[in-house]
Amino acid sequence: MWVLALDTATPDLVTGLVNTDTGDTIDEIVPNTRNHNAILVPTVQKLLERGGLTFADLGAIVVGSGPGPFTGLRVGMSTASAFGQALGIPVHGVVTHDAVASLIDEPRVLVVTDARRREVYWAAYDQGVRTAGPDVTAPASLTLDHEVDAISVPDHLRDSLAVKAPKASNVAPTAAALVAVADLTSTPAPLEPHYLRRPDAKVPAQKPKSPAIPEVQL
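Worth saying up front: this structure is predicted, and the values here are computed from it rather than measured. (Residues numbered from 1 in each chain as written. Predicted model: local features only at pLDDT ≥ 70, side-chain atom pairs only at ≥ 80, totals over all residues. Heavy atoms only, no water.)

K.L.:
Give a detailed account of the sheet that holds strand β2 (residues 13-19), specifying residues and quantitative values.
P.N.:
Judged by pairing direction, the sheet is mixed, and its 5 strands sit side by side in the order β3-β2-β1-β4-β5 without closing on themselves. The two strands at the open ends of the sheet, each matched to only one other strand, are β3 (25-30) and β5 (91-94). When strand polarity is set aside, the average angle formed by the axes of neighbouring strands in this sheet is 15°. Sheet analysis places β2 next to β3, joined by 6 bridges and oriented antiparallel. What sits directly across from Leu17, in β3, is Ile26. Packing against the sheet, helix α1 (residues 36-50) makes contact with β1 (2-7), β2, β3 and β4 (58-64), and its axis sits at approximately 25° to β2. Across the face of the sheet, helix α2 (residues 70-87) comes into contact with β1, β4 and β5 while running at roughly 165° to β4. (Pairing = 2+ DSSP bridges. Helix = DSSP H or I, 4+ residues; strand = E, 2+ residues; numbered from the N terminus. Axes fitted to C-alpha atoms, helices over the stretch in contact; angles between N-to-C directions. Contact = heavy atoms within 4.5 Å.)

Structure (structure tokens):
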């Protein structure tokens, strides 16, 4: 079965096709982009063309549910949901950090991504099982009750992170990892994005009416 995998929880746009029968994978990743909304669908179309496939060949969709910023997650998850409804195939949401942790061959792992506004999203793992998080905090305030063997963290956040480890690198999710942590045999639950905080956009405060504007009597 061909599975389409999408993730828009990080600055990278991750898309890929995974054949669960043969293990074949076709990736189409756009690194460090803030333009997920404009390029996601064209990137998926390009991905299918590379594989000589059409949307009708897909049997399921897996989408990263964060944690991530409001706008990025909304783009990826709403697109995955729209594809699934149009094609009549299941859409499975997975925690993006779970996919990253599955790519790190160490027993105790900490996955950290940029939450902006001087904060980070994080989750901790032991033998591939998430033991804490996902959550959001300031990097200097992130503490664990145990040591970790490896950390996945963006380079620009490494020095500010309170937790240290013998190994540190910036590991991005892949299509194969997203599919690997999804239970494709189960009935998918409703998609639930892990925003973890309120969106950056706020409704402007209402300004007091000028006293020069007369009251209207009804």
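Okay, back to it.
K.L.:
A description of the pairing of β1 should follow, citing residues and the corresponding values.
P.N.:
The side chains of a regular strand alternate between both faces of the sheet. Burial of β1 is extensive: 6 of the 6 residues sit out of reach of the surface. Side chains Trp2, Leu4 and Leu6 of β1 all project onto a buried face; the interleaved residues Val3, Ala5 and Asp7 project onto the opposite face, where all are buried too. Sheet topology note: the β1/β4 ladder contains 5 bridges and is parallel. Among the inter-strand pairings, Trp2 is bridged to a residue of β4, identified as Leu58. (Buried < 20%, exposed > 50% of the residue type's maximum accessible area, 1.4 Å probe, protein only.)

On their own, these measurements won't tell you what the molecule is for.
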